[in-house]
Structure formats: structure tokens, C-alpha cells
Amino acid sequence: MKITRGLFKRPSPLPGFGISLGFTIVSLVGVVLIPLLAIVLRGFRFGIGDFLHAALAPRALASYKVTLLSAFEAALFASLAGFLVAWVLARYSFPGKRLADAIVDLPFALPTAVAGISLTALYSEHGWVGHFLEPHGIHIAFSQAGIVLAMSFVGLPFVVRSVQPVLQDLDPAVEEAAASLGANPAQRFLRILFPTALPALLTGTALAFARAAGEYGSVIFIAGNMPMKTEIAALLIVTKLEEFDYTGAAAIAFAMLLLSFAVMLFVNLLQWRIHAREGRRV
Amino acid sequence: MTLRLSARAGRAVLIATALLFVAFFLLLPLAAVFAQAFSRGASFYLDAIRQPDILSALRLTLLVAAIAVPFNLLFGIAASWAITRFDFIGKNLLITLIDVPLAVSPVVAGMMYVEVFGLHGWLGPWLSDHDLRVIYAVPGIVLATIFVTFPFVARELIPFMQAQGSDEEQAAAVLGAGGLSIFFRVTLPNIKWALLYGAILAASRAIGEFGAVSVVSGHIRGKTTTMPLEIEMLYNEYQFSAAFAAASLLSLAAVITLLIKKLLEMTSGLHGRTAQEDAES
């Protein structure tokens, strides 16, 4: 319509471009980008040396290790269990399927603090599950295993919801063709189904990992929170803030942001590849 | 024949394993909330959830959701209108940026607002000169909640409106309908279920948000504690039954959320928000 806008925007008969894009950008800048910048710039305000020193302090390094290791283990567990659940939901029909499908989203819907106290109650010494395990010397609550458990809980739906639609959309003709050419079920799974679902599985696992690494509410109750041992990075940020150590908190937050963006980049590249391979329009 | 039988048995084993896992791993924690909440009897439970602190936390939680969700709807509609109805430079960057809050840890999100509005932050001195409080006050809680729910409606609407196309709206525009009339009489009736779906996801997250809100709240009882924070405080004070009583209210809200979601998926043909679709947009 307006020629001056032609360079930036393709003409359209529909109204409201300026106001809708304007509101979108103003919100994005105000709510997301300026606060993000604030953390990054904290480093420049108080000197990069202090910032790095705080980000690489022993207690901070220990918290990254606990966080990354636990998130990795949780993502691995979630990817295995999630693949099974997605497989069953996508390929079989059975009574109670809809209910099971709805329950998969429970970790999305249940507030993290509620999940945290509930898992702690279940897996601690006198809990429904814990009182079976503790006599055998298996301690889940207040140890690193508890962190992995809570992180797996919040991560599971990411894997299921990534893999399920891919398995559902798979054309049965492909499998039938393979079967008619003499492929047995194991071959069909390994050579057709699994490779098709793999990018989605990786996406879901990466999303679960990102969520697990940033998780706070469900973890802090069950973790035990021992500095250097079972203290996650998110908790260390909160501790630093309570001690008014803003530079220390911002430094760790910055390290976590770098991780978030690395995962986000990985997921985007993965999606890009999937679309490129399928020749679908993004 | 034996092959078919073993295939059937394998199928049954897979289904049983998956269902047992879902029951044990997901349902059991939900059941434990209610069992703990009622562990000291129904009358204790009823007293616990009528404590003034819990009632005021409930009020604050609903207030925060009542501000964050409408904002989210407005933003979602604006963003998806701009993105799906027009072609412009930088569109993919915009879509990626909208997703940023999903990748950021809630605690880091809260921390960002402390950096901007806190006493030692950018606007802190100016705010305190003017007697305004954002951090350790309700506005900070609202902002943090808006941040964590930011992409919810937009990512529901963008793929949906993309798939729908703009033919009907273009026809209305050519016939002389104005912007508002196009929106309310053509677009809104088409997207209402997707909009509701996104709003429910946003409301659920707004009600349950813990990490981001925890950083900016200051935990002032009766003033800046939302329900999840109140649960944390009761729990840390070893008032376990009361904490679980409060938690049962939020769990009930979560179950209702799941029911409405499923209902919307079944009746209106929405596939719902899958991680796959998320990443596609």
C-alpha cells in the first residue's frame, strides 16, 4: 500500500501492520531484551575481572558441574522413557490412552514447587517409595539422585511431545514397503522408524536438558542443597542475591544464559535440518 | 503364526510398561499431594486452606494471573497478526526472539528484573527517589510472571493462523471492512479456541510460577507471597500438612487445566502445543 514501506514489507490489503508489529517489538524490547542486556552489562559496570572471578569461583564451578551432570542424566533418562511413552501413544490403541496422553502434560501443568515437595515426600525416608528404598541403602531424596529425579519429571513431556507427532505422521506405506521387501520388525525399527524419529528425539532431549539445567522449584526441596555437592547453579544465584552479592549472582546467571542460548541454537539448527531434509516450508 | 503372537505379546508388554511408568512417575506425585494434604483429617485441611495467609496468597496469585494473562493475549494477537498476515524483513529473527523466555532459567529471569529495577539496578535509584517499588513488591511479581509466560499465546496462535491463511480477511478488507471489524467478525471467531488454549497454558504457568517470582518477591507474608511461595514458606517451617493443603489447591488447578486442554484438543481439532510444533514455528 504505502510505497515507502515497500522495502521493508511486502504490500498487503490488510490493515494493522504498524500497530501490531509496533506493540510486539515494544513488548519484546521492554520485557525481554532490556532485562537481558542488564545482566550482560553488569559485567562491564563492575569490571570484567571481578565478573570472571565470580563466574569461575570454585563453588560456582561445582554448581555448574552438579547442574550439567544432573541435567544430562535426567535428559538421558527422559529421552529413553519418553521415547517409550511416545511410541506407545503414537502407534497403539488401548483403553485409557486419552487419559495417559493427558497425564503426560502433568509436569507442564503442575507448579514446580508442588512437584518438588511431593517428590521429596515420596522419596524421603518415610515416603511411599523411599521407605522401600532406604533400607537397601538407596538414597534418592537429599542427594544428587533426587536432583536427577526432579529434573527428569519436568523434562519428560518435552521428549514425548517432540517424538509423538513424528511417529504418528509416519506413512504406513513406507513400513509396508520395507516389510514386503523382506525387512523384519527389528530392521524396520532400526532402519526406518528410529532414523526418522531421531531428529525429533534429539530436539526433545535438548529441550528437556535446557529445562532441567534451568530448573529451580522442583529441585531445591529434594536436592539437599549442600554447597559443592548438591547445590545447583540456580540455587547459588538465589543464595548470592540473598547475600547482596549482585556481581556474583549476575556472573552465574550470565554463564547459565550462555548455556541456554547454546541449546537454543542447537535446537534451531536441528529443526532447520529436519525441514531442509523434508523440503517443507518453515 | 508364532511371529504374530510374539508381536502381540511384545505390544502388550510395551503398553503395560509405558502405562506403569506413567502411573508411577507422574500420577504418584499427584496422588501424594492429596494424601499428604488430608493426612491430618478433613477438618484440619479445611482450616488450613482458610488461613488468612493462604487466602491472601491466593488473592495475589489470581491478581497476578489476571494481569499477566490479558497482556499475554494482547501480545500474542499482535505478534501473530504481524507475523502471519504480513511479510517483512527480520520476521524469523522476531519469531526466535519471542521464544527466548522459554530458554531462560526462571531464576535468571527474576535476576534480570532485579538488575533493572532493584535498588542497585539501572532504575533503582530513580524509583526509590520517587517512592516507587518494583522489586520486593507486586509490580515485580507481575513483570516476572509476564516474562515467563511471554511466548505462550503467540506460539499457539502463530502456527494456527499461518495454517489458516488470510483469504477470509483479505476478502473482508476488499469488501470495505475496517480493521476492527475484520478482527472481531472474521479473525476472532476463527482463532477463539486456539486463543483460549494459549490463555489456559499461560494462566497455568502464571499461577504456578515459582523461580522467577521467588527472586523478585522478597517473601513478605500477606503482601508479596503468591501461592507457590506460601507453600515453600509453610514447608520450610515444617508445617507439612498445611503446605500440602495449599499445594492441593494448585494441583486441582493443574488437573482442571489438563482436562480443559484435552477437551479443547478433542472438540476443536487443536493438536495442542507440542515441542515439535514449537520448534517449527
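Rules behind the numbers
Residues numbered from 1 in each chain as written. Chains lettered and ligands numbered in written order. Predicted model: local features only at pLDDT ≥ 70, side-chain atom pairs only at ≥ 80, totals over all residues. Helix = DSSP H or I, 4+ residues; strand = E, 2+ residues; numbered from the N terminus. Buried ≥ 20, exposed ≤ 12 C-beta atoms within 10 Å, placed from the backbone. Contact = placed C-beta atoms within 7 Å. Domains from an automatic or database assignment. Nonpolar A, V, L, I, M, F, W, Y, C, P; charged D, E, K, R; others polar. pLDDT = per-residue confidence, 0-100. Axes fitted to C-alpha atoms, helices over the stretch in contact; angles between N-to-C directions. Parallel < 35°, antiparallel > 145°, perpendicular 65-115°, else oblique. Left-handed = near helix turned anticlockwise from the far one by under 90°. Core = buried A, V, L, I, M, F, W, Y, C linked by C-beta atoms within 7 Å. Expected span 1.5 Å × (residues − 1).

J.: I tried to follow the overall build of chain B on my own but got confused; where do I start?
T.: Along its length, chain B carries 15 helices and 0 strands. The buried share among the 281 residues of chain B stands at 49%. In chain B, once contacts between residues fewer than 6 apart in sequence are set aside, the share between residues at least 24 apart is 75%.

J.: Would you explain the overall build of chain A in this entry?
T.: Tallying secondary structure elements over chain A gives 13 helices and 0 strands in all. Beginning at the N terminus, the succession of helices and strands in chain A can be written as α-α-α-α-α-α-α-α-α-α-α-α-α. In terms of principal-axis extent, the alpha carbons of chain A reach across some 75 × 65 × 30 Å. In chain A, 77% of the contacts between residues at least 6 apart in sequence involve partners at least 24 apart.

J.: It is not clear to me how the domain arrangement of chain A should be interpreted in this structure. Could you clarify?
T.: Interfaces are often sized by the amount of accessible area the parts lose when they come together. All names here are of chain A. Domain boundaries assigned for chain A yield domain 1 (16-45) and domain 2 (47-278). Taking only C-alpha atoms, the centre of domain 1 and the centre of domain 2 are 29 Å apart. Counting residues at the interface gives 4 residues for domain 1, matched by 7 residues for domain 2. Residue composition of the side of domain 1 that touches domain 2, by class: 2 nonpolar, 1 polar and 1 charged.

J.: Honestly, the interface of chain B and chain A in this entry has me stumped. Any pointers?
T.: Across the boundary between the two partners, chain B contributes 81 residues, which contact 84 residues of chain A. Counting residues per element, the side of chain B that touches chain A draws most heavily on helix α1 (residues 2-37) of chain B, which supplies 17 residues. Counted by class, the side of chain B that touches chain A contains 55 nonpolar, 17 polar and 9 charged residues.

J.: Can you help me understand the confidence of the model for chain B in this one?
T.: Atomic detail in the predicted coordinates should be set aside for any region of low pLDDT. Residue and element names in this part refer to chain B. Taken over all residues, the pLDDT of chain B has a mean of 91, while the share at 70 or more is 95%. A low-confidence stretch, residues 272-281 (pLDDT under 50), is modelled with 33 contacts involving residues beyond four sequence positions or located in other chains. The complex prediction reports pTM at 0.92, with the ipTM value standing at 0.91.

J.: What is the right way to read unusual backbone geometry from this model?
T.: It is generally the case that most residues other than glycine have a negative phi and that most peptide bonds are trans. Notably, N225(A) is not glycine yet its phi reads approximately 55°, a positive angle. You can see N225(A) is positioned in the loop between α11 (217-223) and α12 (233-242). Even without a glycine there, the phi angle at H219(B) is positive, about 50°. Assessed through the 14 C-beta atoms surrounding it within 10 Å, H219(B) is described here as partly exposed.

J.: Just to check I follow, could you spell out the packing of helix α8 (residues 138-149) of chain B against helix α11 (residues 179-208) of chain B for this structure?
T.: Working note: a packed helix pair is described by the angle between its axes plus the distance between those axes. Residues and elements named next belong to chain B. The geometry of α8 relative to α11 is characterised by a closest axis approach of 9 Å and an angle of 135° between their N-to-C directions. Here α8 is positioned oblique relative to α11, judged by the angle of their axes. Seen from above, α8 lies across α11 with right-handed handedness. Seen from α8, the contacting residues are T145, V148 and T149; seen from α11, they are A202, R205 and A206.

J.: I keep staring at the domain arrangement of chain B and nothing clicks. Help me out?
T.: Residue and element names in this part refer to chain B. The domains assigned to chain B are domain 1 (1-37) and domain 2 (41-280). Once you take the C-alpha centre of each, domain 1 and domain 2 turn out to be 33 Å apart. Contact with domain 1, which involves 5 residues of that partner, is made by 8 residues of domain 2. Its residues assigned to classes, the side of domain 1 that touches domain 2 comprises 4 nonpolar, 1 polar and no charged.

J.: Before we go on, may I ask you to explain the environment of P228(B) in this structure?
T.: Within the element layout of this structure, P228(B) appears in helix α13 (residues 227-236). Residues P228(B) and L250(B) lie 22 residues apart in sequence; the distance between their C-alpha atoms is 8.2 Å. Other than its neighbours up to four places away in sequence, P228(B) contacts P111(A), A113(A), G217(A), G208(B), E209(B), F210(B) and L250(B).

J.: Explain the packing of helix α6 (residues 106-117) of chain B against α8(B) here, please?
T.: Residues and elements named next belong to chain B. Packing of α6 against α8 leaves a shortest axis separation of 10 Å and a crossing angle of 135°. One way to sum up the angle between α6 and α8 is to call them oblique. Considering how the two elements wind past one another, α6 and α8 form a crossing that is right-handed. Of the residues in α8, those touching α6 at P106, A109, G110, Y113 and F117 are G140, L143, A144, F147 and V148.

J.: Would you explain the nonpolar core in this entry?
T.: Generally speaking, a soluble globular protein has its nonpolar side chains buried in company with each other. The biggest cluster of nonpolar side chains holds 175 residues, and the ones touching the most others in it are I237(A), I252(A) and M111(B). The contact partners of M111(B), leaving out residues within four places of it in the chain, are I39(A), I237(A), L241(A), A249(A), A250(A), A253(A) and V215(B).

J.: Please clarify how helix α6 (residues 112-123) of chain A should be interpreted in this entry.
T.: An α-helix turns once every 3.6 residues. As a result, residues three or four positions apart point the same way. All names here are of chain A. With 12 residues, α6 extends 16 Å between its outermost C-alpha atoms, agreeing within 8% with the 16 Å of an ideal straight helix rising 1.5 Å per residue. The buried fraction of α6 amounts to 12 of the 12 residues, a majority that puts the element mostly inside the structure. Taken together, the buried positions of α6 are occupied by T112, A113, V114, A115, G116, I117, S118, L119, T120, A121, L122 and Y123.

J.: Please clarify how the environment of P107(A) should be interpreted in this entry.
T.: For P107(A), the position within the fold is in helix α5 (residues 106-109). On the basis of neighbour counts, which here come to 24 C-beta atoms within 10 Å, the residue P107(A) falls in the buried class. Spatially, the C-alpha atom of P107(A) lies 15 Å from that of A210(A), the residues being 103 residues apart in sequence. Excluding anything up to four places from it in sequence, P107(A) contacts A115(A), F153(A), V154(A), L156(A), P157(A) and L26(B).

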